[in-house]
Amino acid sequence: WGYLMKIILISILFGLVMTFAEKDINQNIIPNLKLKMLDGTKTTIHELVEDGPIMIDFWATWCVPCKKVMKYLDQYHLQYADKGFKVLMINQDTPRSIGKVKSYIRSQNHQFLVSLDPNKALAKKLNGLVMPTLILVDKGGAIKWRHQGYVPGEEVEIQRQIENLIKENEVEES
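Residues numbered from 1 in each chain as written. Predicted model: local features only at pLDDT ≥ 70, side-chain atom pairs only at ≥ 80, totals over all residues. Heavy atoms only, no water.

Draft legend 1. Broad picture of the environment of Asn32. Within the secondary structure, Asn32 is located in the loop between helix H1 (2–27) and strand S1 (34–37). Along the backbone, Asn32 and Leu48 are 16 residues apart, and their C-alpha atoms lie at a distance of 9.9 Å. Apart from the residues within four sequence positions on either side, Asn32 is in contact with Thr44, Ile45, His46 and Glu47. Engagement of the side chain of Asn32 in a polar contact is seen with the side chain of Thr44, the distance being 3.1 Å. In terms of polar contacts, Asn32 uses its side chain to reach the backbone amide nitrogen of His46, at 2.9 Å. (Helix = DSSP H or I, 4+ residues; strand = E, 2+ residues; numbered from the N terminus. Contact = heavy atoms within 4.5 Å. Polar contact = N/O pair within 3.5 Å; in protein donor to acceptor, adjacent residues only side chain to side chain.)

Here is the structure:
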């Protein structure tokens, strides 16, 4: 009887471990969320990663650290575009202040992609309520790196993470 109980207990434990392991694997893939872009078009996160990796950043026009990191993210968006890399900035301004977004982006001449999330639906789903929150996603949709906040100097680590992911993608494709 003791042997049978051990087998049952081991089976239950194994089942629990597999359930949590599977859940963990699935949580590593970014959900295919719908995006409303600043230019009025619509797309999804999975459509954006078809060409290559993407850096997602949650920001707002009133967020000073967000504005500081944006100039670096725009540089990386342009610098690694030939590798299929993109930067997607998801704006968190409220519906009342959303009008400021387009004029701010235009005044800074930023080239990265901008999506609007005035009700914070995307931020809640991707745990991006702290700004800035950066999420690096590979071509397959897997979340490879995540970082919250920004202090000057961290752009070096951000660039290193992007370059490592691009190298990883190149190795997989060759």
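Draft legend 2. Examining the pattern of salt bridges more closely. Using the criterion set out here, one finds 5 salt bridges in the structure. Salt-bridge contacts for Lys86 lead to Asp51; the nearest nitrogen and oxygen are separated by 3.2 Å. Placement of the pair is Lys86 in strand S4 (residues 86–91) and Asp51 in the loop between helix H2 (45–48) and strand S3 (54–59), with a sequence separation of 35 residues. Note on Lys86: relative accessible area 14%, which makes it buried. The salt bridge partner of Glu168 is Lys144, with a shortest N-O separation of 3.8 Å. One end of the pair, Glu168, is in helix H6 (residues 154–173); the other, Lys144, is in strand S7 (residues 143–148), and 24 residues separate them in sequence. For Lys144, a relative accessible area of 40% puts it in the partly exposed group. What you see here is one network of salt bridges that share partners, running through Asp138, Lys144 and Glu168. (Salt bridge = Lys/Arg side-chain N within 4 Å of Asp/Glu carboxyl O. Buried < 20%, exposed > 50% of the residue type's maximum accessible area, 1.4 Å probe, protein only.)

Draft legend 3. Geometry of helix H4 (residues 99–108). For H4, the complete set of buried residues consists of Val101, Tyr104 and Ile105. Along H4, the residues classed as buried sweep out an arc of 95° about the axis, all on the same side. Opposite its buried face, H4 presents the exposed residues Gly99, Arg106 and Ser107, each directed more than 90 degrees away. Check the buried side of H4 and you find it contacts S3, helix H3 (64–79), S4 and strand S5 (113–116). (Arc of directions from axis to C-beta.)

Draft legend 4. Fine view of a nonpolar patch on the surface. A grouping of Leu4, Met5 and Ile8 is seen on the molecular surface, where their side chains present a nonpolar patch of about 260 Å² in accessible area. The residue Met5 is located in helix H1 in this model. Here Met5 falls in the partly exposed class, since its relative accessible area comes to 43%. (Patch = residues over 30% accessible without salt bridge, like charges linked within 9 Å, V, L, I, M, F, W, Y side chains within 5 Å. Areas by Shrake-Rupley, 256 points an atom, 1.4 Å probe, with all protein chains shown as cover.)

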